[in-house]
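# Commentary on secondary and tertiary structure
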Amino acid sequence: MGRLLIVSNRLPVTVVRKKGKSNFQPSVGGLATGLASVSKRYSTLWVGWSGIEMNSEEKILEARMRSEGMYPVNLSKSEVNGYYHGFCNKTIWPLFHNFPQYAIYNEKWWDAYKKVNEKFQAVVTEMAESDDIIWIHDYHLMLLPNLLREEVSEAKIGFFLHIPFPPFEMFRLLPWRRDLLEGLLGADLIGFHIYDYVQNFLQCIHRLLGYEHELGRLIVEDRIVKVDAFPMGIDYDKFESITSSPEVEEEVKRIRKRLGGRRIILSVDRLDYTKGIPLRLEAFDLFLDKYPEYVGKVTFVLKLVPSRTRVEHYVQLKKYVDELVGKINGKYGDIEWVPVQYIYRFLPLEKLIALYRAADIALITPLRDGMNLVAKEFIASKIDGKGALILSETTGAAFELVEAIIVNPNDKERVAEALKIALEMPEDEQINRNRTMQERLKRYNVEKWVEDFIQELDKIKEVQHEFSTKYLMRDANNLLKDYRDSSKRLLLLDYDGTLVPHADDPRKAEPDEELVGILTELSSDRRNTVVIVSGRDRKTLEGWFKNLNVDLVAEHGAAVRRGGEWRLVEGVDDWKESIRQVLELYVDRTPGSFIEEKEFSIVWHYRKANPELGRRRAAELESVLMSLIAGTDLNILKGDKVIEVRKAGVDKGRAALEWLSDDWEFVLAAGNDVTDEDLFSVLPENSYSIKIGFGPSRAKYYLRSVHELRSVLKKLQRL
Ligand code: GDG
């Protein structure tokens, strides 16, 4: 049986000290329940802070915890202050929830954060075994994946972030932004609740570390890292069964009676500034004001759990909420009716579920929330299908619970209106909406979520393995041997992105001294035929390579130079003008992009544009061009940050046939983008085809960079 190591800030236990004696009780959160599903395949161990500073006597307690699979990380008071109360709660939490004005950047807290992550690393490395799955949770431990990777390079590490990942504009404010990203990239799989956070993360990775992704996969050094969305589910069956218990039925009746049979609006939150509680109360106030027919007819149960009660912003928030509740109750209430019933404490689960069941409406309007499980729990508790959910669009849950009434939490008018719509929603519509959501929540419950994550982690490990077997550096000796043993060799080499790194300005990518040296050496060996197979125009290639004994393919095969003579495959045409006009429009709309005109094609480059905008515009342009060229013999070619239009029937593969029709003992072809795939597809079986960079390809091998290809070519020239 494999082992699954969960690493999170807190252990799922509560340590209780009573009359000098200490004990611990397991506390069952959503995650712990989800893990039960994999308990047949994995024994689960847990690493985390116990929540207290253990004294020397409590070492016995620690031993007992360990024997039950809980490995406490002991933190001193000052570590907890800097790492938890400081960096986690006052830097990361506000910044990641779009509250940059609350974020404090303090070097000492950062030091504590690093130190505590290292402490976690020490505990995990001490107890981990080589084939364990290590699953790290949340923003407290963002440095841990890489710390562990440095220790055990082969480890299987997953990371899941429970809060939102902010957009680049927000994340860049953090002085330690690169360290955190590098820390996270130590994982093999990085999970977020929704795709928006995935995109934010990938954008930060691109803008700050320069890695580009391919369908959520990144190559980090020689490892593939997968980034994906896994919307966390709830323990559906538990809510369904508790809500139908006789005790809850009784409690529901009691609540309804106490509230005089009025309609009930419910909200459940930790008292946090991200939850939008004052705005919600103001919207309720507006609702009563706008629709006076509901005065005396509805009760708003505001159920809050105290949180971070010593932090200034939370103290102020509490005061403000108290005031607002008082104000609304004073304004509308009377002896028989209290408009806002305010509960400020943690309730036993049964009581909470009874509230869910008793409520007609759940009003859940956070300003920002990673997921929000309360919304899901409310829906699961509605066994008769009745009830309406009003949910803020800025929660992760809004992406799954699309049948809810979705609102902008800042738009009080609309929230007030949503309350009226919810109160007046016909019963069959409520049931229809809720049944659809229930089916979804039942299917993708917390167990499924855990399984899904672990399966994906296994999968990415397999891909890594497959990938590493395709890594040419592992097979370089065979290549060198085959090369040495042959006397008639063909080397087909793409230029940009293969022999030279991509330059922002394509005109500035002329061959450097090292490359000229490599090509001179290779081409002066009479056993070799070296062909530069490029998308560049004839004039440029001629200019760069006139003194070298290499053959050339220009414009993806429109013109070839073999034995010093140019031959045109395609004639010049007047089709370019209409295409140019469209491309010019896109140049105007996409700062940084530009047009390159070649003899036989016309190209729009967007490498220098903002990556997101470039990608979007490229997709738009492609569809515009598609309709423009329909029925013509023109072709659209999407390369690496370029879109090119040219005559059909011209490609690198076809051009290469010019040489491939001869007999060769050794064939090597290298390229980096889709235009090189045509080349790879026409090669003889035993050729060495090499893709530079990662991505789906027909090539047999891959290399990570231009630099690596050059080092292979240098080895050849010495043979
Ligand atoms: C993070 C993210 C993300 C609340 N009051 C009582 C009580 N609760 C329980 C609810 C629910 C949980 O607390 C709150 O869940 P949330 O999803 O709202 O938020 P967090 O767990 O604080 O935080 C969040 C989540 O992680 C999961 O990834 O959704 O966005 O911030 O389960 O039921 N439980 C009981 N009594 C209460 O009074 N028994």
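Computed from a prediction, not measured in an experiment: that's the story for all the values here. (Residues numbered from 1 in each chain as written. Predicted model: local features only at pLDDT ≥ 70, side-chain atom pairs only at ≥ 80, totals over all residues. Heavy atoms only, no water.)

### With respect to unusual backbone geometry
Unusually for a residue other than glycine, Arg 308 sits at a positive phi of about 40°. Here Arg 308 is to be found in the loop between strand 12 (298-305) and helix 12 (312-332). You can call Arg 308 buried: its relative accessible area is 17%. Although it is not a glycine, Asn 372 adopts a positive phi angle of roughly 85°. Examined against the element boundaries, Asn 372 turns out to sit in the loop between strand 14 (361-364) and helix 14 (373-381). Residue classification places Asn 372 among the buried positions, given a relative accessible area of 6%. (Helix = DSSP H or I, 4+ residues; strand = E, 2+ residues; numbered from the N terminus. Buried < 20%, exposed > 50% of the residue type's maximum accessible area, 1.4 Å probe, protein only.)

### As for the site of the ligand
Inspection of the region around the ligand gives 22 residues, with His 162, Leu 347, Asp 369, Leu 373 and Glu 377 positioned closest. A distance of 2.5 Å separates an oxygen atom of the ligand from a polar atom in the side chain of Glu 377. Summarising the interface, the protein chains cover 80% of the accessible area of the ligand, which totals 730 Å² for the free molecule. Both domain 1 (4-229) and domain 2 (236-443) contribute no fewer than three residues apiece to the shell around the ligand. (Near = heavy atom within 4 Å. Polar contact = N/O pair within 3.5 Å; in protein donor to acceptor, adjacent residues only side chain to side chain. Areas by Shrake-Rupley, 256 points an atom, 1.4 Å probe, with all protein chains shown as cover. Domains from an automatic or database assignment.)

### Let's talk about the environment of Lys 115
Structurally, Lys 115 can be placed in helix 4 (residues 107-127). With relative accessibility at 45%, the residue Lys 115 sits in the partly exposed group. Spatially, the C-alpha atom of Lys 115 lies 9.9 Å from that of Gly 82, the residues being 33 residues apart in sequence. A distance of 3.1 Å separates polar atoms of two side chains, one belonging to Lys 115 and the other to Glu 79.

### Side note on the pattern of salt bridges
Taken as a whole and judged by the stated rule, the model has 59 salt bridges. Here Asp 132 ties to Arg 3 by a salt bridge, and the two come within 2.9 Å at their closest N and O atoms. Of this pair, Asp 132 sits in the loop between helix 4 and strand 6 (133-137) while Arg 3 sits in strand 1 (residues 2-10), and the two are 129 residues apart along the sequence. Of the two residues examined, Asp 132 and Arg 3, each falls in the buried class. Ionic pairing is found between Arg 580 and Glu 597, a salt bridge with its closest N-O pair at 2.8 Å. Of this pair, Arg 580 sits in helix 21 (residues 576-589) while Glu 597 sits in strand 22 (residues 594-597), placing them 17 residues apart in sequence. Within this structure, Arg 149, Asp 188, Arg 223 and Lys 461 form a network of salt bridges that share partners. (Salt bridge = Lys/Arg side-chain N within 4 Å of Asp/Glu carboxyl O.)

### Observations regarding the sheet that holds strand 14
A sheet is described by the order of its strands in space; here six strands give the open sequence 13-12-11-14-15-16, paired in parallel fashion. Strands at the two margins of the open sheet, each flanked by one partner only, are strand 13 (340-344) and strand 16 (405-407). Neighbour-to-neighbour, the strand axes of this sheet turn through a mean angle of 20°, independent of strand direction. Here strand 14 runs beside strand 15 (residues 388-392); their pairing, made up of four bridges, is parallel. Along strand 15, the bridge assignment pairs Leu 363 with Ile 390. Together, strand 11 (263-270), strand 12, strand 13 and strand 14 form the strand contacts of helix 11 (residues 277-290), whose direction differs from that of strand 12 by roughly 175°. The strands touched by helix 15 (residues 412-423) are strand 11, strand 12, strand 14, strand 15 and strand 16; relative to strand 16, the strand with the most contacts, the crossing angle is about 175°. (Pairing = 2+ DSSP bridges. Axes fitted to C-alpha atoms, helices over the stretch in contact; angles between N-to-C directions. Contact = heavy atoms within 4.5 Å.)

### Some remarks on the nonpolar core
If you look at the biggest cluster of nonpolar residues, it comprises 105 residues, and the most contacted ones within it are Phe 165, Phe 201, Leu 281, Phe 284 and Phe 287. Looking at this core, the element that brings in the most residues is helix 4, giving nine residues. Split by domain, this core shows at least three residues from each of two domains, domain 1 (4-229) and domain 2 (236-443). (Core = buried A, V, L, I, M, F, W, Y, C linked by side-chain atoms within 4.5 Å.)

### What to know about the domain arrangement of the protein
Reports often express the size of an interface as the amount of accessible area lost when the parts come together. According to the domain assignment, the protein consists of domain 1 (4-229), domain 2 (236-443), domain 3 (472-569 + 650-717) and domain 4 (576-647). Listed as interface residues are 17 residues of domain 1 and, on the opposing side, 16 residues of domain 2. Together, the buried faces of domain 1 and domain 2 total about 1500 Å²; carbon and sulfur atoms form 61% of this surface. Ranking the residues of domain 1 by area buried against domain 2 places Trp 93, Phe 99 and Tyr 102 at the top, with a combined share of 33%. For the pair domain 1 and domain 2, the number of links is zero salt bridges. The tally of links between domain 1 and domain 2 comes to three residue pairs in polar contact (both at pLDDT 80 or more). At the level of elements, helix 3 (77-96) and helix 8 (195-209) are the ones that each hand at least two residues to the side of domain 1 that touches domain 2. Grouping the constituent residues of the side of domain 1 that touches domain 2 by class yields nine nonpolar, six polar and two charged. (Buried area = accessible area lost by both parts, 1.4 Å probe. Nonpolar A, V, L, I, M, F, W, Y, C, P; charged D, E, K, R; others polar.)

### As for the sheet that holds strand 9 (residues 217-220)
Taken in spatial order, the eight strands make up an open sheet running 5-4-1-6-7-8-10-9, and their pairing is mixed. Edge positions in the sheet fall to strand 5 (70-73) and strand 9, since each of these pairs with one other strand and no more. On average, adjacent strands in this sheet sit at an angle of 20° to one another, irrespective of strand direction. Pairing of strand 6 with strand 7 (residues 156-160), which is carried by five bridges, proceeds in the parallel orientation. Looking at strand 7, one finds that Trp 135 is bridged to Gly 158.

### As for the side chain of Asn 528
Along the polypeptide, Asn 528 turns up in strand 18 (residues 528-533). In this structure Asn 528 comes out as buried when scored by relative accessible area, which is 8%. At 3.0 Å, the side chain of Asn 528 forms a polar contact with the backbone oxygen of Leu 522.

### A short note on the side chain of His 605
With respect to the helices and strands, His 605 occurs in strand 23 (residues 601-605). By relative accessible area, His 605 is classed as buried at 11%. There is a polar contact of 2.7 Å between the side chain of His 605 and the side chain of Glu 596. With residues up to four places along the chain from it excluded, the contact list for His 605 reads Pro 506, Ser 593, Phe 594, Glu 596, Lys 641 and Val 642.

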